[in-house]
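Architecture and fold: a report
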Amino acid sequence: MQAVLKPIKTYLQKPKVIFLLVFLFVLTLLFWFCLPKPLFKSPTSYVIDDDQGQLLGASIATDGQWRFPYNDSVPEKFKKCIIAFEDKRFEHHPGFDPLALGRAIKQNLLSKKVTSGGSTLTMQVIRMATRHQRSFWNKFLEIFMAMRLELTHSKNEILALYSSNAPFGSNVIGLDAAAWRYFGRSPDKLSWGEMAAIAVLPNSPSLVHPGKNRLILLKKRNLLLNRLYKQGIIDSTTAALAKFEPVPDRPMPLPSFAPHLLQRFKNDHTTKPLDLTRIQTSIKSTLQQQVNDILEQHHQVLKANDINNIAAIVLDVETGQTLAYAGNIAHHEDPQMESDVDVIDAPRSPGSTLKPLLYASALHSGQILPNSLLPDVPTLIAGYHPENFDLGYDGAVPASKALSRSLNVPAVKLLQQFKYERFYDFLQKVGITTLTKPANHYGLSLILGGGENTLWELSGAYADMARVLNHYSKYNGKYNPADFHSPVYSKQPTIEPTLEKSGLLDAASIYYTFQAMEEVMRPGEEMLWQQFSSTQRVAWKTGTSFGFRDGWAIGITPKYVVGVWVGNTDGEGRPGLTGINTAAPALFEIFRLLPVARDWFEMPTAEMVRINVCRQTGYRAGQYCDDVDEMLVPKSGLKAPVCPYHQLIHLSADGKYQVNGNCESPDNMVNKKWFVLPPSMEYYYKARNYQYHVLPPFRDGCTQAENGNTMEVIYPKDGAKIYIPLEADGSRGRMICNAAHRLPGMKIFWHLDDEYVGETKDFHQMALNPPPGKHTLTLVDGNGNTINIGFEILSK
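Quantities reported herein were computed from a predicted structural model and do not represent experimental measurements. (Residues numbered from 1 in each chain as written. Predicted model: local features only at pLDDT ≥ 70, side-chain atom pairs only at ≥ 80, totals over all residues. Heavy atoms only, no water.)

1. Overview of the environment of alanine 606
Its location among the elements puts alanine 606 in the loop between helix H21 (579-591) and strand E13 (608-614). For the pair formed by alanine 606 and proline 634, sequence separation is 28 residues and the distance between their alpha carbons is 9.3 Å. (Helix = DSSP H or I, 4+ residues; strand = E, 2+ residues; numbered from the N terminus.)

Here it is, written out as structure tokens:
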């Protein structure tokens, strides 16, 4: 054995052999690492497709080229055409074709100039990747690198690289971009005549492209069709008909069905880069175009009132996927319309659209029951003076009605009870990211649009609530924290749920919230909602920001959430720009496009308990509640307050007067349960509720028990700062003070800064004209009860 190895060892030690081995080793290394990584580094266009893979829109690449990202799917027609025209032995050669190369050399020598390159498709891929100039040395490098490419890439992969990066004339790169720019269709939908016209373009893109030298293009196209026929790829009829097809005249505009979603994808890609600049979205093209048409129709009506912009989004509840994304109108020719602004992602004042979230939160916490009475009276809290849309008051209103009528004062009162800091934290947990300042910055105005939200996040929050309710039975009464997530515009992988016993909101609270939202109407416009006839049940909420700058409408069904915003992107307010007038009509038109849900949300009875509820106040029934209903409420309702408005009173034998132990024997008293509201609530409530009975007066000779709640100042509130405007003649106007007293016929004596100014009976209003500065208003009733209120008159 050693005798055999010794000559080999001696041979390998020769300098020439060593040099040869080193050379081969280096050559092998050069061969293996000769390809650049990545092979193509040119920037690509941002492209979005719908849920079926059809083009929704694209933007030009940063280098000014229409270059779609790499596509590994090559249509069979293009494969046949390009191989027949460019490289007929492509399937068999190792990267270069000796016969084609020899023929090219012969032709060039005979013509004494370069007329043929003899490059294979693989060599052309290398030239496009390296951008080599034509020369003998570069041709050798192309052969060398082409063989390396063939070693690790299949023929289909090489064809995909070619079709994605070949020049097709003008600033069009790649088959995908060429098909859309020249024929307005995807490559897989091109005919033989169209595909043949495209296949001949890379051969001389600077000379032949649609709109220029069209006769040369036609001649080359027909030459290729003849070749396909001779090779048996198409029959004579197909070839003849294909020759009658016209070649494209000029590049066509690409589809632009969702331009704002395209811009959003570009922004998201910049923030969090992906491998490709192309994405298959969850958008449904037909629905997207129909929503675009609806918005355009409403824009034509709204612009008569100088309301220029409207946006809408449609979400699938189960997945959170976006089915339609219309971020604005499409009037790029008119800069004043500012239609490039994506309003879906723009922070705007949400008006009343957060009220259902507060209602659900209060139910979940057990602070109210679905119909608990909330105060609706003039309110001043730390200088904040909320008013209802119609500037009127109900005195007291069930929480569900306050939500459906979108009353502002009860919402503020409820938020004051719930605590705005707590609600602020809740909003952040449901995915609201636009509240960038501390909770104290917003305060109680948060519930009336004092902060900013986006249509994207608000619609997503309502979709989250619907998803939790839908999943309650599916998860056997448990909750998946992942049900609260931001909307998405592409398909996401399914994640196995992690279930918990409780959730951010319980299903019963969400159910009652949606029940209240089914009858949403605006105060002062109660009948308008009836004009919206929808083929399906919809829980919906409108919102109008301060100054009539934003109109909102958001609707929910078990399957879909639709959100609509109307306004001006520059923030200009317009008369009549309310959610009910501008956004709601578009909302219901969009809902009519969607499949009708057969079933409404299932009532989550397992998340409810049956308790006795006071019929008049909506609170848990107390011992003095006469009319009691048994009602299913969220389990948290077990800790809701007991009715505070029913009490036991003592009447005379004839029931006409209140009495007490000072003037009547207990044996002669009639004890009766009575529904009693505080004076300011009673003042407004009795005017709207005929069934409400005020307390009888005390009988003469009966000393009324000390009760500081028989009299109340309605206006001004303690600590108020008031500016009294000047009259037309320049004199300072008067302020109208208002008070309420529980006892009819009782006199109230008014004093301003300890000076008597007058008395009132039954109707307690007094016009005062105090000078600028701080003042004290004192009210004394006939029984000696006294109230002191401090306020300040501003000079300007």
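Moving on from the coordinates now.
2. Quick look at the sheet that holds strand E1 (residues 46-49)
Taken in spatial order, the three strands make up an open sheet running E2-E1-E5, and their pairing is mixed. Single-partner strands in this sheet number two, and they are strand E2 (55-59) and strand E5 (278-280). Each neighbouring strand pair of the sheet contributes to a mean axis angle of 10°, computed without reference to strand direction. In this sheet, E5 lies alongside E1 in parallel orientation, the contact comprising three bridges. Its bridge partner lying in E5, aspartate 49 is registered against glutamine 280. Sheet strands in contact with helix H12 (residues 259-271) are E1, E2 and E5, and its direction is about 125° off that of E1. (Pairing = 2+ DSSP bridges. Axes fitted to C-alpha atoms, helices over the stretch in contact; angles between N-to-C directions. Contact = heavy atoms within 4.5 Å.)

3. A word on the sheet that holds strand E22 (residues 765-768)
Within the open sheet, the three strands sit side by side as E17-E19-E22. Their pairing is antiparallel. At either margin of the open sheet sits one strand with a lone partner, and together these are strand E17 (711-715) and E22. Each adjacent strand pair in this sheet contributes to an overall mean axis angle of 25°, direction not counted. By the bridge criterion, four bridges tie strand E19 (residues 735-741) to E22 in an arrangement that is antiparallel. Among the inter-strand pairings, methionine 735 is bridged to a residue of E22, identified as leucine 768. Here helix H22 (residues 679-688) sits on the sheet and contacts E17, E19 and E22; the angle it forms with E19, its principal contact strand, is near 95°.

4. Concerning the confidence of the model for the protein chain
The pLDDT averaged across the protein chain works out to 87; a share of 90% of its residues lies at or above 70. Confidence drops under a pLDDT of 50 for residues 522-527, and excluding neighbours within four residues, the segment shows 19 contacts in the predicted structure. (pLDDT = per-residue confidence, 0-100.)

5. Side note on helix H3 (residues 76-86)
Counting buried positions along H3 gives eight out of 11 residues, so the element sits mostly inside the fold. All of the buried residues along H3 are Phe78, Lys79, Cys81, Ile82, Ile83, Ala84, Phe85 and Glu86. Buried residues along H3 sit against helix H5 (121-130), helix H7 (155-165), helix H8 (175-183), helix H9 (192-199) and helix H10 (214-230). (Buried < 20%, exposed > 50% of the residue type's maximum accessible area, 1.4 Å probe, protein only.)

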